[in-house]
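What the coordinates show
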Amino acid sequence: MIRIQNVSKTYRSGDLAVHALKDISLTIESGAFLAVAGPSGSGKTTLLNCVGCIDQADSGLISIGEDMVSEMDNTGRTQFRRRNLGFIFQSYNLIPVLTTYENIALALQLNSNNTKEIDRKTREILREVGLQGLEDRRPSRLSGGQQQRVAVARALVGNPKLILADEPTANLDSHTGEAILDLMKEMNRRHGITFIFSTHDKMVMERADRLIRLHDGEIQSDTGGKQ
Amino acid sequence: MKLLKLSFLNLFRYHKRTLITASALAYGILMFVFIDSFMSGANEESFRNYRIHDTGDGQILAAGWWENKDEVSLDYLIEDRTSLEAKLTGLQAYTPHLDFPADFLFYKADGFVEDGDLPVVVRAIDPATAPLVFDQYKHIEDGTMVRDNQYGILLGSWFAGKLGASVGAPVLLQVKTRYGSTDVIELEVTGIIHTGDSSLNRKAVYIPLTIADEYLETDGAVTGYTLLGSDKDLAALKDSLEQGLRYLSFFDLTYDFQSMAAMSDSFIIIIIFLIFVIASVGVSNTMMMGIYERRYEVGMMRSLGMTNREIMNSFILEAMGIGLIGIGIGFALAIPLNVFLVNHGIDYGFMLKDFDVGYRTTGVLHGKWKAGSFLYSAVTGLVVSGIMAVIPARRILTRPIADNLRMK
């Protein structure tokens, strides 16, 4: 269960103050497949960043499970991200000098030195996301869809409580985007991992179990299930 | 281990840039090894030349002479040679000398390049004992050694060459006697000395002590004695000296050169430091570009839970990798260069003929193997490279992760 209570965030650029989030409150059930939609500047990414312990809210409380992440210091948030969260970025963001296998294994190596266990889990997730045979390829030799599959595998491999995906289909064609979304939905169903997306993509909104629309940092609508 | 691998792979991500930067560092290391080898060789050879051509292991001088050595005065002389020489018998070897100023007169009609005169410092020597203490008399490249009571003169090769002097040429030395009157000694060039000592080749003028004694009216008195002997014997001798005599060790006699060499070393250290600064700016620049280009990647790594320290270490390792490549290239160039320097040397005698650079070295200057300079340059290169990653990495890592992720 993720609880977000009265969260506000303001960015300042010189004299200009941008209220990215205005007193947001919501609860997200474990295992949710939730999309956050809204126009540019509506606060989608800021909300994801605050929940993902990448950014800190100016006020309000955020808890993930039993952990009050909004009260954690930098080190605590880093450790929390390492153990409990997975991230998928719009532009995949793989390390170009590492192979598919190494990019995925890196997420595990941050927490463990058990090479056998790392190898087992990495190969298992590679199989699960359909990347067998591509283990030794560098990102430059993978298609966009394949790269996003690697990013999904990297986010999943540590068996996190929550995966945050910032516009994961934005750089993919509709067919590939759909396939990636199917994969994430399948992982959500199979592993019970909570997924939160920020998106502009209608297809993502349609497939989400719950859709939250933001506008100017406020929740405009919160609809459960397919709308 | 994962950091090491990541750093290693990132090192070759921008391989051209890495190679260019490493080359700058390699140049710094090459210069360091080259200059250090060259200067060490010059120092060592200069000290050796001082010992074998000028100072021996030590000297006994008339009190006051050393303090006023620039005057080359006949006011400070050792009169009682007999009792002093009695104390010197236990030493390996010793020889007296008398230094005095003179005008060297030469004429075109005698084969010289022109008519003229030059102020010189003449050293009167004992032809029997001087070769036992000094090495230069083995290097008479033309003619023969002067003999007792012979109106002969030995000249340094560059000095003779510059004036056009050859063996058999008549020379006049205009001198002032001990009592102030002027006299002229008519001499004939008996030999020309060519050694590995630039100072000696440029300035040496030797005549027999007996001749100098006769013309300078010194009645057997000398400026001093040059000694060869063990430290123990020389220390005992020093303690037994009477008033009016002063013992100067090799260290005392070469003090000026040591100061000059130390100053020269300081300048070299500054130059080397500047070379390393230039090289390190290159490393810093490369790392800065690499780190800024990867700021989104840094944001991603921080999102995954990699700590700032881990990311910083990975950049430091990467920069040290550039340093390591630079060290490799530097050594690959410096070793063969040093082999050449040590075995063949560089002939820069053409410079020394006209200028006194302070080093008493041969025209061909040899280098020296110094493990320390390789080690020092490697450690410096590695540490400097590592440090150069810190500033740009810190600038990225102190920004919020959200900023790193936004900056693509």
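Looking now at the overall build of chain A. Across its full length, chain A holds seven helices and ten strands. Since a compact globule built from 227 residues should have a radius of gyration of about 17 Å, the 17 Å found for chain A is in line with a globular shape. Principal-axis analysis of the C-alpha atoms places the extent of chain A at approximately 50 × 40 × 35 Å. For chain A, the residues scored as buried account for 53% of the 227 residues in total. Counted over contacts in chain A with a minimum sequence separation of 6, partners at least 24 positions apart contribute 69%. Summed over its atoms, the accessible surface of chain A is roughly 10,100 Å², and 43% of this surface lies on carbon and sulfur atoms. Each charge class in chain A was averaged separately, 28 positive and 28 negative side chains, and the resulting centres sit 5 Å apart.

With that settled, the discussion passes to the domain arrangement of chain B. Taken domain by domain, chain B consists of domain 1 (2-50 + 257-405) and domain 2 (58-228). On a C-alpha basis, the centres of domain 1 of chain B and domain 2 of chain B stand 50 Å from each other.

The next thing to look at is the packing of aromatic side chains. Residues and elements named next belong to chain B. A complete count under the given rule lists 21 aromatic pairs over all chains for this structure. Consider the rings of phenylalanine 47 and phenylalanine 257, whose centres lie 5.0 Å apart with planes at 80°: the pair is edge-to-face. Taken together, the residues phenylalanine 47 in helix H2 (residues 15-55) and phenylalanine 257 in helix H10 (residues 255-293) connect sequence positions 210 residues apart. Phenylalanine 47 gets classed as partly exposed once you look at its relative accessible area, which sits at 25%.

Residues and elements named next belong to chain B. Looking at chain B, the pLDDT average stands at 88 and 95% of residues meet or exceed 70. Across chain B, element-level confidence peaks in strand E8 (residues 205-208) with a mean pLDDT of 97 and bottoms out in helix H13 (residues 349-352) with 61. Our summary of model confidence lists the complex with pTM equal to 0.72 and ipTM equal to 0.88.

With that out of the way, let us pick up a nonpolar patch on the surface. Residues and elements named next belong to chain B. Together, Met263, Phe267, Ile270, Phe273, Leu274, Val277 and Val281 make up an exposed nonpolar region whose accessible area comes to about 690 Å². Mapped onto the fold, phenylalanine 267 is located in helix H10. Note on phenylalanine 267: relative accessible area 51%, which makes it exposed.

Another point: the sheet that holds strand E8 (residues 194-199) of chain A. Residues and elements named next belong to chain A. An order of E6-E7-E8-E3-E9-E10 is seen for the six strands of this open sheet, with the pairing classed as mixed. Lying at the two open borders of the sheet, with one neighbouring strand each, are strand E6 (85-88) and strand E10 (218-224). Averaged over all pairs of adjacent strands, the angle between strand axes in this sheet comes to 15°, irrespective of strand direction.

Here we take up the sheet that holds strand E5 (residues 67-68) of chain A. Residue and element names in this part refer to chain A. An order of E2-E1-E4-E5 is seen for the four strands of this open sheet, with the pairing classed as antiparallel. Edge positions in the sheet fall to strand E2 (16-28) and E5, since each has one partner strand and no second. Relative to E2, strand E1 (residues 2-13) runs antiparallel, the two being bridged by nine bridges. Across the sheet, residue arginine 12 finds its bridge partner in E2, namely alanine 17.

Before going further, it helps to spend a moment on the side chain of lysine 44 of chain A. Residues and elements named next belong to chain A. Mapping lysine 44 onto the fold places it in helix H1 (residues 44-51). Of the side chains with opposite charge, glutamate 167 lies nearest to the buried lysine 44, which makes no salt bridge, at 4.3 Å. The contact partners of lysine 44, leaving out residues within four places of it in the chain, are Val36, Ala37, Gly38, Pro39, Glu167, Ser198, Thr199, His200 and Leu214.

A separate point is the interface of chain B and chain A. A common way to state how big an interface is: give the accessible area lost once the parts meet. Tallying the contact residues gives 22 residues for chain B and 22 residues for chain A. Where chain B abuts chain A, roughly 2,100 Å² becomes buried across the two surfaces, and 64% of that area is made up of carbon and sulfur atoms. Inspection of the region where chain B meets chain A yields two salt bridges. The partner of arginine 82 of chain A in a salt bridge is glutamate 310 of chain B, with the nearest N and O atoms 2.5 Å apart. Taken together, the connections running from chain B to chain A amount to five residue pairs in polar contact (both at pLDDT 80 or more). Contributions of two or more residues to the side of chain B that touches chain A are made by helix H1 (2-11), helix H11 (295-304) and helix H15 (401-406) of chain B. No other element matches the seven residues that H11 of chain B contributes to the side of chain B that touches chain A. Residues of the side of chain B that touches chain A, tallied by class, amount to ten nonpolar, four polar and eight charged.

This brings us to the packing of helix H3 (residues 100-109) of chain A against helix H4 (residues 115-128) of chain A. Packed helices, taken two at a time, are described by the angle their axes make and the gap between the axes. All names here are of chain A. Viewed as axis vectors pointing N to C, H3 and H4 meet at an angle of 125°, and their least axial separation amounts to 9 Å. Comparing their axes, H4 and H3 come out oblique. Where H3 crosses over H4, the handedness of that crossing is right-handed. Of the residues in H4, those in contact with Thr100, Tyr101, Ile104, Ala105, Leu108 and Gln109 of H3 are Ile118, Asp119, Lys121, Thr122, Arg123, Ile125 and Leu126.

Okay, the packing of H11 of chain B against helix H12 (residues 308-343) of chain B next. Residue and element names in this part refer to chain B. For the pair H11 and H12, the least separation of the axes is 10 Å and the interaxial angle reads 140°. With respect to their mutual orientation, H11 and H12 come out oblique. Viewed along their axes, H11 and H12 form a crossing whose handedness is right-handed. Each of Val298, Met301 and Arg302 in H11 lies in contact with H12, whose residues at this interface are Asn308, Ile311 and Phe315.

This next bit is on a negative patch on the surface. On the surface, Asp183, Glu214, Glu217 and Asp219 of chain B cluster together to form a negatively charged patch. Tracing the backbone shows glutamate 214 of chain B in helix H7 (residues 209-216).

What counts, and where the lines are drawn
- Residues numbered from 1 in each chain as written.
- Chains lettered and ligands numbered in written order.
- Predicted model: local features only at pLDDT ≥ 70, side-chain atom pairs only at ≥ 80, totals over all residues.
- Heavy atoms only, no water.
- Helix = DSSP H or I, 4+ residues; strand = E, 2+ residues; numbered from the N terminus.
- Rg over C-alpha atoms; globule rule 2.2 N^0.38 Å.
- Buried < 20%, exposed > 50% of the residue type's maximum accessible area, 1.4 Å probe, protein only.
- Contact = heavy atoms within 4.5 Å.
- Areas by Shrake-Rupley, 256 points an atom, 1.4 Å probe, with all protein chains shown as cover.
- Lys, Arg positive; Asp, Glu negative; His and termini not counted.
- Charge placed at Lys NZ, Arg CZ, Asp CG, Glu CD.
- Domains from an automatic or database assignment.
- Phe/Tyr/Trp six-rings, centres within 6.5 Å; stacked < 30°, edge-to-face > 60°.
- pLDDT = per-residue confidence, 0-100.
- Patch = residues over 30% accessible without salt bridge, like charges linked within 9 Å, V, L, I, M, F, W, Y side chains within 5 Å.
- Salt bridge = Lys/Arg side-chain N within 4 Å of Asp/Glu carboxyl O.
- Pairing = 2+ DSSP bridges.
- Axes fitted to C-alpha atoms, helices over the stretch in contact; angles between N-to-C directions.
- Buried area = accessible area lost by both parts, 1.4 Å probe.
- Polar contact = N/O pair within 3.5 Å; in protein donor to acceptor, adjacent residues only side chain to side chain.
- Nonpolar A, V, L, I, M, F, W, Y, C, P; charged D, E, K, R; others polar.
- Parallel < 35°, antiparallel > 145°, perpendicular 65-115°, else oblique.
- Left-handed = near helix turned anticlockwise from the far one by under 90°.

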